[in-house]
Amino acid sequence: MKIVVLAGGLSPERNVSLSTGTMVAEALTSLGHEVALVDMYFGVKEKGAELSGLFGAPISEEHKRVSRQAPDLAAVKASRTEGGDSMFGPGVLELCGMADLVFLALHGSCGEDGRVQAAFDLMGIPYTGSGYLGSAIAMDKDLTKRMVADVVSTPGWKTVSYTADDIDGLVETARLPLVVKPVASGSSIGVSIAHTAEELRTALTEGLALGGRTVLEQYVKGRELQVAILEDKALPSIEIIPKQGFYDYENKYQPGAAEEVCPADISPEAEQKLRDAAVRVYETLGLAVYSRADFILDADGEPWFLEINTLPGMTPTSLVPQEAAAVGIDYNTLCQRIVDASLAARKQGR
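Nothing here was measured: the structure is a model prediction, and the numbers come from that model.

Draft legend 1. Looking closely at the sheet that holds strand β3 (residues 101–104). In spatial order, the strands read β2-β1-β3; together these three strands make up an open sheet with parallel pairing. What marks the edges here is a single partner per strand, and that holds for β2 (34–39) and β3. With strand direction ignored, the average angle separating the axes of adjacent strands in the sheet is 25 degrees. Both strand β1 (residues 2–7) and β3 contribute to a ladder of four bridges, which runs parallel. In the sheet register, Ile3 faces β3, and the bridge partner there is Leu101. Across the face of the sheet, helix α12 (residues 331–347) comes into contact with β1 and β3 while running at roughly 125 degrees to β3.

Draft legend 2. Quick look at the packing of aromatic side chains. Counted under the stated rule, the structure contains four aromatic pairs. Judged by centre distance (5.5 Å) and plane angle (85 degrees), the rings of Tyr41 and Phe42 are edge-to-face. In this structure Tyr41 comes out as buried when scored by relative accessible area, which is 1%. Residue class for Phe42 comes out partly exposed when judged on its relative accessible area of 24%. Ring geometry for Phe295 and Phe305: centres 5.8 Å apart, planes at 65 degrees, overall edge-to-face.

Draft legend 3. Fine view of the pairing of strand β8 (residues 223–230). Taken across its eight residues, β8 has six buried, putting it largely inside the fold. The pairing of β8 with strand β12 (residues 290–297) spans eight bridges and is antiparallel. If you follow Ala228 over to β12, its bridge partner there is Arg292. Sheet topology places β8 next to strand β10 (residues 238–242); three bridges connect them, and they run antiparallel. Each residue of the ladder has a partner; that of Glu224, found in β10, is Ile240. In the sheet, β8 pairs with strand β9 (residues 233–234) via two bridges, with the strands oriented antiparallel. Counted as the bridge partner of Ile229 is Ala234 from β9.

Draft legend 4. Region of the structure containing the sheet that holds strand β7 (residues 213–218). Strand order in the open sheet formed by four strands is β4-β7-β5-β6, and the pairing between neighbours is antiparallel. Strand pairing shows two members of the sheet lacking a second neighbour, β4 (157–161) and β6 (192–194), which therefore form its edges. Mean inter-strand twist for the sheet, computed between neighbouring axes without regard to direction, equals 25 degrees. Here strand β5 (residues 178–182) runs beside β6; their pairing, made up of three bridges, is antiparallel. Along β6, the bridge assignment pairs Leu178 with Ala194.

Draft legend 5. Structural context of the packing of helix α5 (residues 132–139) against helix α6 (residues 141–148). Look at α5 against α6: their axes get within 5 Å of each other, and the N-to-C directions meet at 100 degrees. The angle between α5 and α6 falls in the class roughly perpendicular. Of α6, the residues touching α5 (which contributes Ile137, Ala138 and Met139) are Lys141, Leu143, Thr144 and Met147. Its residues assigned to classes, the contact of α5 with α6 comprises five nonpolar, one polar and one charged.

Each value, and the rule that gives it
Residues numbered from 1 in each chain as written. Predicted model: local features only at pLDDT ≥ 70, side-chain atom pairs only at ≥ 80, totals over all residues. Heavy atoms only, no water. Pairing = 2+ DSSP bridges. Helix = DSSP H or I, 4+ residues; strand = E, 2+ residues; numbered from the N terminus. Axes fitted to C-alpha atoms, helices over the stretch in contact; angles between N-to-C directions. Contact = heavy atoms within 4.5 Å. Phe/Tyr/Trp six-rings, centres within 6.5 Å; stacked < 30°, edge-to-face > 60°. Buried < 20%, exposed > 50% of the residue type's maximum accessible area, 1.4 Å probe, protein only. Parallel < 35°, antiparallel > 145°, perpendicular 65-115°, else oblique. Nonpolar A, V, L, I, M, F, W, Y, C, P; charged D, E, K, R; others polar.

This is how it looks when you write it as structure tokens:
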């Protein structure tokens, strides 16, 4: 098959996406597919008939490892010589139209929020993962929690849109501790735990740079566990034990920053609760192919749902590949199963 692996884009998770894209492109190439790895935002220099030569081109390993810091998006934007407001760089849509499938290695608001999926639906271009509606809802933490609050336990929350002038009032009325997280972001970018008024003030101030629409969520103490779903079935849970702090951006993508135990060392009853809850969220949001749900498991063995990712990372330190490996699915096979299940989902209108 001719497959475009679409990565990069213009979101705070750009670096993670490039790592995912490199890994996926290498895997698909080794499986015999003709692969073109493309940065969605910067596009390609080739035009017309030259585009076909990108399929099967060598895959650079430059971006395989994720850097410690999220990218400076203003600098990224300024470095695109073509300019313009389009999220699609030169030649991207034309190249994708030549492919049998586009493997979406995108993460965050530029690619995981349903807009790219909707564009491809209108153009008749098949792609991997969930459809546009489920992707859009899952990207919005507030909408997700509203939809699943009746089918799983989820910490209490309030979503606020604020400016700098509102921060004092929010701090004064807050019931601490709270988890502060942007409504539409992933990879724990912008997420912090506020135990004190000063920590909350700092978190809210920093949140202004990410749009100022923020979820203030009840802090639930417990173990951090995540459950991947592949082809509508839950994989074994994985426990995340950061060596310091919580599972933030740096701890997620720097090798050795966190201990990851899969299958998680929990009781069979707790494992089943986690898996059932993950599937209920997945089905309630109308998702397809694969995803990864995040939970806190409290001292009583109750899982508390936090959020779900429709295009989870496939980097060297990502969790979905580890969960798949626990049931005998290696990385290359996982990529092929995502391809096959996605083609089936598009034919079914999912």
